[in-house]
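Examining the three-dimensional arrangement
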Amino acid sequence: MDNNSNKIMLIDGMALLFRGFFATSFTGNFMLSNKGVPTNAVFGFLKYFMDAIQTFGPTHVICCWDMGSKTFRTELFEGYKANRGEPPLELVPQFDLIKEVVASFDVPNVGIEGYEADDCIGTLSRLYGVDHDVLIVTGDQDILQLVDETVSVAIMKKGQGNYAVYQQDDFFEQVGLKPQQIIELKGLMGDPSDNYPGVKGIGEKTAMKLLIEYGSIECILQNLNALPKGMKKKIEENIDMLHLSKKLAEIYREVPISCSLESALWQMDGNKVRDKFKELESSALMKWIEKVG
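To start, this report covers the structure provided alongside it. The structure presented is a predicted model; accordingly, all values stated were derived computationally and were not measured. Along every chain, residues carry numbers that run from 1 in the direction the sequence is written. Local features are withheld for residues below a pLDDT of 70 in this predicted model, meaning they are given only at 70 or higher, and side-chain atom pairs are given and counted only at 80 or more; totals for whole chains, interfaces and linings count all residues. With hydrogens and water set aside, each side-chain value is computed from the structure's full complement of heavy atoms.

Concerning the overall build of the chain
- When its secondary structure is counted, the chain shows 13 helices and six strands.
- Over its C-alpha atoms the chain spans a radius of gyration of 21 Å, differing by no more than 12% from the 19 Å that the globule rule assigns to 293 residues.
- Over its C-alpha atoms, taken along the principal directions, the chain stretches across nearly 65 × 45 × 35 Å.
- Throughout this description, buried means an accessible area under 20% of the type-specific maximum (1.4 Å probe, protein chains only), exposed means over 50%, and partly exposed covers the range between. Within the chain, the fraction of its 293 residues that count as buried is 51%.
- Contact definition: two residues touch when any of their heavy atoms are within 4.5 Å. Taking contacts inside the chain between residues at least 6 apart in sequence as the whole, the part at least 24 apart equals 70%.
- The Shrake-Rupley method, run with a 1.4 Å probe, gives the accessible areas here. Residue values count only the displayed protein chains as cover. Accessible surface computed for the chain: about 14400 Å², of which carbon and sulfur atoms make up 49%.
- Side-chain charges in the chain split into 30 positive and 41 negative, and the spacing between the mean points of these groups amounts to 6 Å. Here a helix means four or more residues in a row that DSSP labels H or I, a strand means two or more in a row labelled E, and each is numbered from the N terminus. All radius of gyration figures rest on C-alpha atoms, and the globule criterion is 2.2 Å times the number of residues raised to 0.38. In summary, the charge assignment counts Lys and Arg as positive and Asp and Glu as negative, without counting His or the chain termini. A charge is said to be at NZ when it belongs to Lys, at CZ for Arg, at CG for Asp and at CD for Glu.

Listed below in structure tokens is the structure:
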């Protein structure tokens, strides 16, 4: 295959799995295998997974995962993601199950303890983006910082098959910032979902305004005396957390992982997937695979 025709899809597995779980469990119906194991998150994941493949037509597919809650970021800041509760009990057995199902599609599962799926995605996008086009499928706006000449991001919106696609060409028109400034933005305003505060009293609107005017946190700090007194005081009082928040927001792109492109070639073997679903003894999954092939 001509390298220039390769489109490598990196999937944020956790984003699809959690979305799939909550989209199918709000009624209290968790879909069980014959052995009583919940399969609703697997089912929901697969619908999003196949939709993304059918929508974007990748030549290669890789799925990236978080591997436990402890990472280098929790070592940097004890409160990182500390606001998140335990996953629902019905979801827990599906964490390993979904990786088995993904493997039945001959799609590599990539993850390493101490790092988040985002870091694996960042590392692989840098690796593959040298010679190929890369598309990241996620629900996480933080990943927008990875957009560059060969890397685009599809953010899943409400409803299946609905994506906002971000590319370098029109990124500024869509977002109002450059991709790298997403890190600066999070440093200033923090991120409530990840539980780090940034500069107390500076929200998204003010952070955007500062970055549009000065470009970076470094330049803002060089021009503190030009800021209104109240804003200058907020930044000075929260300077340590500003630097820490920026460090927490930046996706690490040198994770010690590798994944050969040969192993990621998209060529679904319907019989292999059917055998896996038979093993799971899930009638809903069997009906689904018969529809998609």
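Quick notes on unusual backbone geometry
- Of note, the phi angle at Lys81 is positive, near 60 degrees, even though the residue is not glycine.
- Positionally, Lys81 belongs in the loop between helix 3 (72-76) and helix 4 (92-104).
- With phi around 60 degrees, Asp106 is a residue other than glycine that occupies positive phi space.
- Position of Asp106 relative to the elements: it lies in the loop between helix 4 and strand 3 (109-110).

Looking at the sheet that holds strand 2 (residues 60-64)
- What makes two strands pair is DSSP finding at least two bridges between them. One open sheet holds the six strands; their spatial order is 3-2-1-4-5-6, and the pairing between them is mixed. Taken across any chain shown, the strands that pair with only one partner, and hence form the sheet edges, are strand 3 and strand 6 (163-166).
- All axes are obtained by fitting lines to C-alpha atoms, using only the stretch in contact for helices, and the reported angles, taken between N-to-C directions, cover 0 to 180 degrees. Helix 5 (residues 117-128) contacts strand 1 (7-12), strand 2, strand 3, strand 4 (133-138) and strand 5 (151-156) of the sheet and is inclined by roughly 170 degrees relative to strand 1.

Digging into the side chain of Ser245
- As for its position among the elements, Ser245 is in helix 11 (residues 239-249).
- A relative accessible area of 0% places Ser245 in the buried class.
- Of the polar contacts made by the side chain of Ser245, one reaches the backbone nitrogen of Gly198; its length is 3.1 Å.
- Setting aside chain neighbours within four positions, we find Ser245 in contact with Lys186, Gly187, Tyr196, Pro197 and Gly198. Pairing of N or O atoms within 3.5 Å defines a polar contact, subject to two protein rules: one partner must be a possible hydrogen donor and the other a possible acceptor, and residues neighboring in sequence count only if both atoms are side-chain atoms.

As for helix 7 (residues 181-189)
- A large share of helix 7 lies buried, amounting to eight of its nine residues.
- Those residues of helix 7 lying buried are Gln181, Ile182, Ile183, Glu184, Leu185, Lys186, Gly187 and Leu188.
- Check the buried side of helix 7 and you find it contacts helix 6 (171-175), helix 8 (204-214), helix 9 (217-222) and helix 11.
- Gly190 occupies a position one or two residues after helix 7 and carries a positive phi of about 75 degrees.

Focus: the nonpolar core
- Membership of the largest hydrophobic core comes to 41 residues, with the highest contact counts inside it found for Met9, Phe45, Leu46, Phe49, Phe105, Val137 and Phe277.
- With eleven residues, helix 2 (residues 40-56) is the largest single contributor of residues to this core.
- The residues contacting Phe49, other than those within four sequence positions of it, are Ile11, Leu16, Val61, Phe105, Val107 and Trp266.
- Listed in part, the 30 residues of the second largest apolar core include Ile8, Cys64, Ala117 and Val255. In these notes, a set of buried Ala, Val, Leu, Ile, Met, Phe, Trp, Tyr and Cys residues joined through side-chain atoms within 4.5 Å is what counts as a nonpolar core.

Examining helix 4
- Among all positions in helix 4, only Gln94, Phe95, Leu97, Ile98, Lys99, Val101, Val102 and Ser104 are buried.
- Against helix 1 (13-25), helix 2, strand 2, strand 3 and helix 12 (270-280) lie the buried residues of helix 4.

Remarks on the state of the cysteines
- Here, two cysteine sulfur atoms that lie within 2.5 Å of each other are counted as a disulfide. Applying the stated rule across the entire model yields zero disulfides.
- In this model Cys120 remains outside any disulfide bridge; the closest cysteine sulfur is found in Cys64, 5.5 Å from its own.
- Since its relative accessible area comes to 0%, Cys120 is described here as buried.

A word on the pairing of strand 5
- Burial of strand 5 is extensive: six of the six residues sit out of reach of the surface.
- Alternating positions in strand 5 separate into two faces, Val151, Val153 and Ile155 on one and Ser152, Ala154 and Met156 on the other, with burial throughout.
- Across five bridges, the pairing between strand 4 and strand 5 is parallel. In the strand pairing of strand 5, Ile136 is matched with Val153.
- The pairing of strand 5 with strand 6 spans four bridges and is classified as antiparallel. In the sheet register, Ala154 faces strand 6, and the bridge partner there is Val165.
- Between the antiparallel neighbours strand 5 and strand 6 lie six residues, among them Gly159 with a positive phi of about 90 degrees.

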